[in-house]
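Architecture and fold: a report
Here is what each chain is made of, one letter per residue.
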Number of protein chains: 2
Amino acid sequence: MSKTKEVGGVRFAPVILAGGSGTRFWPRSRRARAKQVLSLEGERTMIQETLARLESLADPSDVWVITNGWLHDVIVEQLPQISAQHVLAEPLARNTAPACALAAFLLEREAPETVLGIFPSDHVMANTKRFAEVIEAGVKLAASGENIVVLGVKPTRAETGYGYIEQGAAADKVNGIQAHHVKRFREKPNAETAEQFLAAGNFAWNSGIFLWSAKTLTAAVREHVPEMAETLEKIAAAYGAKDFAEVFAREYPKCENISIDYAILERQSAKGESHSNIYCLPADFGWNDLGSWASLHEHLRDTDADNVMDGATTGLFAIEASGNYVYAPGKTVALLGVEGLVVVETPDALLITTRERSQDVSKIVKAVHESGREDLI
Amino acid sequence: MSKTKEVGGVRFAPVILAGGSGTRFWPRSRRARAKQVLSLEGERTMIQETLARLESLADPSDVWVITNGWLHDVIVEQLPQISAQHVLAEPLARNTAPACALAAFLLEREAPETVLGIFPSDHVMANTKRFAEVIEAGVKLAASGENIVVLGVKPTRAETGYGYIEQGAAADKVNGIQAHHVKRFREKPNAETAEQFLAAGNFAWNSGIFLWSAKTLTAAVREHVPEMAETLEKIAAAYGAKDFAEVFAREYPKCENISIDYAILERQSAKGESHSNIYCLPADFGWNDLGSWASLHEHLRDTDADNVMDGATTGLFAIEASGNYVYAPGKTVALLGVEGLVVVETPDALLITTRERSQDVSKIVKAVHESGREDLI
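What this report covers is the structure whose coordinates are included nearby. (Residues numbered from 1 in each chain as written. Chains lettered and ligands numbered in written order. Predicted model: local features only at pLDDT ≥ 70, side-chain atom pairs only at ≥ 80, totals over all residues. Heavy atoms only, no water.)

As for the packing of helix α3 (residues 96–108) of chain A against helix α6 (residues 214–224) of chain A
Residue and element names in this part refer to chain A. Under the convention used in this document: Here an angle of 0 to 180 degrees is reported between the N-to-C directions of two axes, which are lines fitted to C-alpha atoms, with helices fitted over the stretch in contact. Numbered from the N terminus, helices here are DSSP runs of H or I no shorter than four residues, and strands are runs of E no shorter than two. Oblique is the label for every angle not falling under 35 degrees (roughly parallel), over 145 degrees (roughly antiparallel), or within 65 to 115 degrees (roughly perpendicular). Helix crossings are classified by the rotation of the near helix relative to the far one: an anticlockwise turn of less than a right angle makes the crossing left-handed, while a clockwise turn makes it right-handed. In this analysis, two residues are considered to be in contact whenever any of their non-hydrogen atoms come within 4.5 Å of each other. Charged means Asp, Glu, Lys or Arg here, nonpolar means Ala, Val, Leu, Ile, Met, Phe, Trp, Tyr, Cys or Pro, and polar covers whatever is left, Gly included.
At their nearest, the axes of α3 and α6 sit 8 Å apart, and the two run at 120° to each other. By the angle class used here, α3 and α6 are oblique. In this structure, α3 crosses over α6, and the sense of that crossing is left-handed. Between α3, through C100, A101, A104, F105, L107 and E108, and α6, the contact on the second element is made entirely by A214, L217, T218, V221 and R222. Of the residues that constitute the contact of α3 with α6, the class distribution is eight nonpolar, one polar and two charged.

Notes on the relation of the copies chain B and chain A
Rules: Here the copies were fitted onto each other by least squares, based on C-alpha atoms from residues at pLDDT of at least 70 in both.
Each copy superposes on the other: chain B lies on chain A with an RMSD of 0.1 Å after a rotation of 180° and an axial shift of 0.1 Å. Given the turn and translation reported, the copies of this chain are related as if by a two-fold rotation axis. By residue overlap, the copies meet face to face through one surface: 100% of the interface positions of chain B are interface positions in chain A.

Thoughts on the environment of B:S207
Residue and element names in this part refer to chain B. Test applied: Remark: exposure states derive from per-residue accessible area (1.4 Å probe, protein chains only) relative to the maximum for the residue type, with buried under 20%, exposed over 50%, and partly exposed in between. As used in this structure description, the phrase polar contact means that two N or O atoms lie within 3.5 Å; if the pair is within protein, one of them must be able to donate a hydrogen and the other to accept it, and residues adjacent in sequence are counted only when both atoms belong to side chains.
Take S207: it is sitting in strand β10 (residues 203–213). Judged by relative accessible area, which is 1%, S207 ranks as buried. In this structure the side chain of S207 is engaged in a polar contact, spanning 3.1 Å, whose partner is the backbone nitrogen of I209.

Details of the packing of aromatic side chains
We count it as follows: Only rings of Phe, Tyr and Trp enter the pairing, Trp through its six-membered ring, and a pair is recorded when the two centres are within 6.5 Å. The plane angle decides the type: under 30 degrees is stacked, over 60 is edge-to-face, the rest tilted. In this scheme, the term charge over a ring applies when either NZ of a lysine or CZ of an arginine sits within 6 Å of the ring centre and within 35 degrees of the ring normal.
By the definition in use, this model includes 30 aromatic pairs over all chains. Geometrically, the ring pair formed by B:F244 and B:F248 is stacked, given 5.2 Å between the ring centres and 20° between the ring planes. Of the two residues, B:F244 and B:F248 both sit in helix α8 (residues 244–251), four residues apart, roughly one turn of that helix. Here B:F244 matches B:F248 in class, with each residue buried. One aromatic cluster in this structure is built from A:W64, A:Y239, A:F244, A:F248 and A:Y252. The ring of A:W70 has A:R31 lying over it, and the distance from NZ or CZ to the ring centre is 4.0 Å. Over the ring of A:F131 we find A:R53, and its NZ or CZ is 5.6 Å from the ring centre.

Here's what the structure looks like:
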């Protein structure tokens, strides 16, 4: 951390979360080739895109990546700008709370005022310029007082697969961008509740992007999950020492397996809006979490009826066929009388499902795993 | 034709028709890799199976193959037992009448009493032993008088894709096998007529297998299609001469483009049962014409719900999926929530359709052809 780039006079350290298990985009994604390290859209891999979006905001020497043992080496290879010391592989997956908090405890020792930005590495943002503007505003807001800033996506459907942010009163604009107080974080709703959220108008999807200073996050961890705070302090104290790997491997698994939303944000927001220091900024930069083959189809298509041919197919002949997604590198694809299918071909596997069922691909991966076919995991 | 094998004292010359265009099993089948030269079931290719079934009945030196320029070389390679002189490539596809009749005119010059058997090379017969018994009876029947023998398949559904044989009174048994007089050959019926045929009980599907002596067939050709007879006589007269290829290429295209059913059998049967010399024997040896991916699925499955994995796939994981046919050599296949699909993968193409629509694969091939993608034809 010798060089630093500042955002409005504030030191900014992006923390990229890259702990995928490679199930949603199976058979393209595998444990050691999770979505983050694939180029699902465009030339660069998703984690390379994630870093590229942050280039104007932070120096690579201030970027951290929290990943797992399966992806560590390929990430170090894909992100040569980042110090390998900043790519940490969790000894055991413990969800997002320990991952986010670990970065905060590491930075707290050196520069507690530094604003941390938590960034999933497997989402797409169509408008990079707007992304930078919103993050810049978020860093500014997070740096003043002890604020927590979350980015919320305006919902377009009654989605039951995301957590929601219930927004309260409008707060001050930041760099011309309207912030809102946050009333409550809400878990993934059932269909009925999701409809209510959509109708209400003041609910946003939780994008998984958060901004807060190291000291604000560590304080929140100490308050809401004190045992986790103790554990992470031990790990942070060992960082840079000879026995770091050993301490990390021994201590980290002791952390509760819990998301940052449950561990910190819901508890913090439960104090009530008037006591809450949580703000929401609009993630209005073409966010898409690419959560399934169906959402990749949605991202790549122009209209719902479009047949999307992905992965450098060499031609398409379609007769009475619409709304299909096919990944078949180097092949010409012929579709006859089929609708809404998802077909994905890799050198060793062929997945055939529907857009509707593609969120259940993890069930296939589970069956493959249980059968002992680790070559396909 | 130095050696001969005799069936009940009769010389028997099988004529294998192998003029496929390679559309029904696209993308596995191509113009130069038509169904006949593929191993759609079992180790041997379909034309090798066809020859193997005839091994006990005829000497390879008495076997003829009528094919096209695309398939000629691969057939010569696949059937080394047969003299390359007996593998004739039509200069232009002219349907089955000229192909069948050509063999008769060739044999008439040397041994007019020889019984010719016409055998499509792209059907399967599950029971080889029974097949040989029925053919043997057919040869015997064809050799006595000027009889024409056709093999009819007992229909199991109101199929509109086949021609039908309307059977009349029972004739004498031959080697214990019940023969019937043939009343009429009937073209491919519409759905309503097909239902009537099925209900009537005396209709059989036309298997495309015919037996008659060379002199009987040439006589019928001279009677019903005299111009074709003249043309074929010229070609037969040139056989073995230096200019045969030239004569064949010049004359053969003059033949009417017509099936043996239309040109000879329907006309002969129209004379009425009392004047007809046409007999039907039962093709009760597990006949299947493998006319589409759907009928291959039907042939390979145990129950309709079975997922059939073909082409040495390396595994199957199926969740809420049934009745699918997948050809994906070397791959593990995962099916999730799909039914009745046909998916066929080759190194350069991927076909995705349904069992219901698989008889329309020729429409895809037509579109591929019209687009100029001859590499896929």
